[in-house]
Amino acid sequence: MSPADKFFKLTEHGSNVRTEVVAGITTFLTMAYIIFVNPAILGDAGVPKDAVFVATCLAAALGTIIMGLYANYPIGMAPGMGLNAYFAYAVVLGMGVPWQSALGAVFISGCLFILVSVFKVRELIVNGIPHSLRVAITVGLGLFLALIAMKSAGLVVASPETLVRVGDMHKPQTIMAIFGFLLIVTLDRLRVPGALLIGIVVVTIMSFFFGGNTFHGFMSLPPSLAPTLFQFDLKGATSLGLFNVVLVFFLVELFDATGTLMGVASRGGLLVDGKMKRLNKALLADSCAIVAGSVLGTSSTTAYLESAAGVQAGGRTGLTALVVALLFLAALFFAPIAGVVPAYATAPALLFVACLMLRDLVDVDWSDTTESVPAAITALVIPFTYSIAHGIAFGFITYAGLKLLTGQARQVKPVVWVIAALFLFKYTYLKG
């Protein structure tokens, strides 16, 4: 037995080094966009873009290493989409809060996470989620992933009249994405190892011939991290009365991370009786990553839904996460190569995984509307509000409300009442 097999328990999980490496590369390719998107979003809030690029790579690598070595889960971590938008557009630009103080709020929320993780409060919360809502979260994540994938592929575009509409089906990028999706499904059906990675690579190669993709060099030295390193302002975060901001960060981080963890774990068959065996370790890894990210100079770091692509490629252990982390570190020096994979090349893999995640709908008890309706609300609100947190919030509130109105309040665990009340408080009295 090799050291890697012994440490990560590869044989026990029915995996091997080759499969884990392929899964890690697949996950990284689906996550790599954050290296370039995060600096653009935080840059709009005045945070130095070059430093954010470095902070994004380092925060992702550090968080993913902890997830892999400590929790032994094949889950990648990076600054979260949605959380960075809230940071930049709602807090900094919308409320006029200096970005240093906003980082301070992220730091405080991360410290709170560590405390509740150490005392297993987060684990208590997650394990208290009703089965129907747990299933709905997975399905909602699948729908959310599908929306992201179709948007990246150009299949779905914004419309002022109808909110969304079909994109231009004649664009080379969209045609290549459709081809990539059909290729992945075909290869998977034929049980070809690494089907998702093959699809991504093939579409990327095609992009040089039909999509106008070009190389911009192979290597470059990483920019300085100094403009954002240790720039978080705790005094400013507290003196400005940012309780609202800290609470929103806390709630969004809690349910984005836990929802993603459960969704990805379910997709990989890593749940035992509907629960994650090493959930608390995974939550601690997530908490530490948030604190580290705020110190480095980026918004909240969280578990990534795109990890489902690597899980589908066969990743089952922390070795997959370790490969992802090493690639994020390599991206510091190979930024031009990391950026050569276009979004429409990873979109087919994400859409395929999303399709597979929808099958969990059969586990919902559709004969009991107090179970099925909250599940449906959760699954629908996540993609239609472009927010995992809002979907989960509406699901909890609906679940508690229906049980109360139908005389089944005793069936509801205390943690559900607490969470539903917190979300009601947030929507009633807080902004964001």
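None of these values were measured; they are calculated from a predicted model. (Residues numbered from 1 in each chain as written. Predicted model: local features only at pLDDT ≥ 70, side-chain atom pairs only at ≥ 80, totals over all residues. Heavy atoms only, no water.)

Draft legend 1. Structural detail: the overall build of the protein chain. Helices and strands together make up the secondary structure of the protein chain, namely 20 helices and six strands. A compact globule built from 432 residues should have a C-alpha radius of gyration of about 22 Å, and the protein chain, at 21 Å, falls within 12% of that. Along the longest, intermediate and shortest principal axes, the C-alpha atoms of the protein chain span 60 × 60 × 50 Å. Classification of the 432 residues of the protein chain by burial places 57% in the buried group. Within the protein chain, residue pairs in contact and separated by at least 24 positions form 81% of the contacts whose partners lie at least 6 positions apart. Approximately 17,900 Å² of the protein chain is accessible, and the part contributed by carbon and sulfur atoms is 69%. Side chains of the protein chain give 25 positive and 20 negative charges; the mean places of these two sets differ by 4 Å. (Helix = DSSP H or I, 4+ residues; strand = E, 2+ residues; numbered from the N terminus. Rg over C-alpha atoms; globule rule 2.2 N^0.38 Å. Buried < 20%, exposed > 50% of the residue type's maximum accessible area, 1.4 Å probe, protein only. Contact = heavy atoms within 4.5 Å. Areas by Shrake-Rupley, 256 points an atom, 1.4 Å probe, with all protein chains shown as cover. Lys, Arg positive; Asp, Glu negative; His and termini not counted. Charge placed at Lys NZ, Arg CZ, Asp CG, Glu CD.)

Draft legend 2. Expanded view of the domain arrangement of the protein chain. Taken domain by domain, the protein chain comprises domain 1 (3-357) and domain 2 (365-431). The distance between the C-alpha centroids of domain 1 and domain 2 comes to 25 Å. Buried area between domain 1 and domain 2, both sides added, is near 2,300 Å², and the carbon and sulfur share of it is 82%. Across the domain 1-domain 2 interface, the total number found is zero salt bridges. The tally of links between domain 1 and domain 2 comes to one residue pair in polar contact (both at pLDDT 80 or more). Every element with two or more residues in the side of domain 1 that touches domain 2 is listed here: helix H7 (121-127), helix H8 (131-153) and helix H12 (243-267). Tallying contributions element by element places H8 first for the side of domain 1 that touches domain 2, with twelve residues. Its residues assigned to classes, the side of domain 1 that touches domain 2 comprises 19 nonpolar, six polar and two charged. (Domains from an automatic or database assignment. Buried area = accessible area lost by both parts, 1.4 Å probe. Salt bridge = Lys/Arg side-chain N within 4 Å of Asp/Glu carboxyl O. Polar contact = N/O pair within 3.5 Å; in protein donor to acceptor, adjacent residues only side chain to side chain. Nonpolar A, V, L, I, M, F, W, Y, C, P; charged D, E, K, R; others polar.)

Draft legend 3. Summary view of the packing of aromatic side chains. If you walk through the whole model with that rule in mind, you get six aromatic pairs. With a centroid separation of 5.1 Å and an interplanar angle of 85 degrees, the aromatic rings of phenylalanine 28 and phenylalanine 328 are classed as edge-to-face. Taken together, the positions of phenylalanine 28 in helix H2 (residues 17-31) and phenylalanine 328 in helix H15 (residues 318-331) put the pair 300 residues apart, joining distant regions of the chain. Given a relative accessible area of 7%, phenylalanine 28 falls into the buried group. Ring centres of phenylalanine 209 and phenylalanine 210 lie 6.5 Å apart, and the angle between their planes is 50 degrees; on these two criteria the pair is classed as tilted. Over the face of the ring belonging to tyrosine 70 we find lysine 281, whose NZ or CZ atom lies 5.3 Å from the ring centre. (Phe/Tyr/Trp six-rings, centres within 6.5 Å; stacked < 30°, edge-to-face > 60°. Lys NZ or Arg CZ within 6 Å of the ring centre and 35° of its normal.)

Draft legend 4. Inspection of a nonpolar patch on the surface at higher detail. A cluster of nonpolar side chains, namely Phe215, Phe218, Met219, Leu221, Phe333 and Phe334, defines an oily patch on the protein surface of about 690 Å² accessible area. Mapped onto the fold, leucine 221 is located in the loop between helix H10 (195-210) and helix H11 (234-239). Relative accessible area serves as the criterion here: at 75%, leucine 221 is assigned to the exposed category. (Patch = residues over 30% accessible without salt bridge, like charges linked within 9 Å, V, L, I, M, F, W, Y side chains within 5 Å.)

Draft legend 5. Broad picture of the pairing of strand S2 (residues 156-159). Of the strand pairs in this sheet, S2 and strand S3 (residues 163-166) are connected by four bridges, and their pairing is antiparallel. For valine 156, the partnering residue across the bridge sits in S3 and is valine 166. Linkage of S2 to S3, two consecutive antiparallel strands, is achieved through a turn of three residues. (Pairing = 2+ DSSP bridges.)

Draft legend 6. View of the environment of methionine 95. The residue methionine 95 is located in helix H5 (residues 83-95) in this model. For the pair methionine 95 and leucine 225, spaced 130 residues apart in sequence, the C-alpha to C-alpha distance is 26 Å.

Draft legend 7. Molecular detail of the environment of phenylalanine 232. In this fold, phenylalanine 232 is placed in the loop between H10 and H11. As a C-alpha pair, phenylalanine 232 and threonine 298 span 66 residues in sequence and 9.6 Å in three-dimensional space. Setting aside residues up to four positions removed in sequence, phenylalanine 232 forms contacts with Gln100, Leu103, Gly104, Phe107, Ser294 and Val295.

Draft legend 8. Representation of the nonpolar core in the model. Ranked by internal contacts, the top residues of the largest apolar core, which has 124 residues, are Met67, Phe87, Leu261 and Phe328. Ranked by the residues each element gives to this core, the list is headed by H12, at 14 residues. Judged by nonpolar contacts, the second largest core, of six residues, contains Val135, Ala136, Ala375 and Ala379. (Core = buried A, V, L, I, M, F, W, Y, C linked by side-chain atoms within 4.5 Å.)

Draft legend 9. Spotlight on unusual backbone geometry. Phi at asparagine 72 takes a positive value of approximately 55 degrees, unusual for a residue other than glycine. In this fold, asparagine 72 is placed in the loop between helix H4 (49-71) and strand S1 (77-79). A relative accessible area of 10% places asparagine 72 in the buried class. One non-glycine residue with positive phi stands out, namely leucine 163, at about 70 degrees.

Draft legend 10. Quick look at the pattern of salt bridges. Taken as a whole, this structure holds one salt bridge when the rule is applied. Two residues, glutamate 371 and lysine 403, come together in a salt bridge whose shortest N-O distance is 3.0 Å. In this pair, glutamate 371 sits in helix H18 (residues 369-385) while lysine 403 sits in helix H19 (residues 388-405), placing the two residues 32 residues apart along the sequence.

Draft legend 11. How the structure looks around H15. With 14 residues, H15 should cover 20 Å at 1.5 Å per step; its first-to-last C-alpha distance of 20 Å lies within 8% of that length. For H15, the set of buried residues is Gly318, Leu319, Thr320, Ala321, Val323, Val324, Ala325, Phe328 and Ala331. (Expected span 1.5 Å × (residues − 1).)

Draft legend 12. Representation of the environment of alanine 85 within the structure. On the secondary structure map, alanine 85 appears in helix H5. Placed 128 residues apart in sequence, alanine 85 and asparagine 213 show a C-alpha to C-alpha distance of 27 Å. With near-sequence residues (within four places) excluded, alanine 85 lies in contact with Ile41 and Ala90.

Draft legend 13. Spotlight on the packing of H19 against helix H20 (residues 414-429). The interhelical angle for the contact between H19 and H20, taken along N-to-C directions, is 120 degrees, at an axis separation of 9 Å. With respect to H20, the element H19 is oriented oblique. Note that H19 runs across H20; the crossing there is left-handed. Here Ala389, His390, Ala393, Phe394, Phe396, Ile397, Tyr399, Ala400 and Leu404 of H19 come into contact with H20, specifically with Val416, Trp417, Ile419, Ala420, Phe423, Leu424, Lys426 and Tyr427. A breakdown of the residues in the contact of H19 with H20 according to their chemical character gives 15 nonpolar, one polar and one charged. (Axes fitted to C-alpha atoms, helices over the stretch in contact; angles between N-to-C directions. Parallel < 35°, antiparallel > 145°, perpendicular 65-115°, else oblique. Left-handed = near helix turned anticlockwise from the far one by under 90°.)

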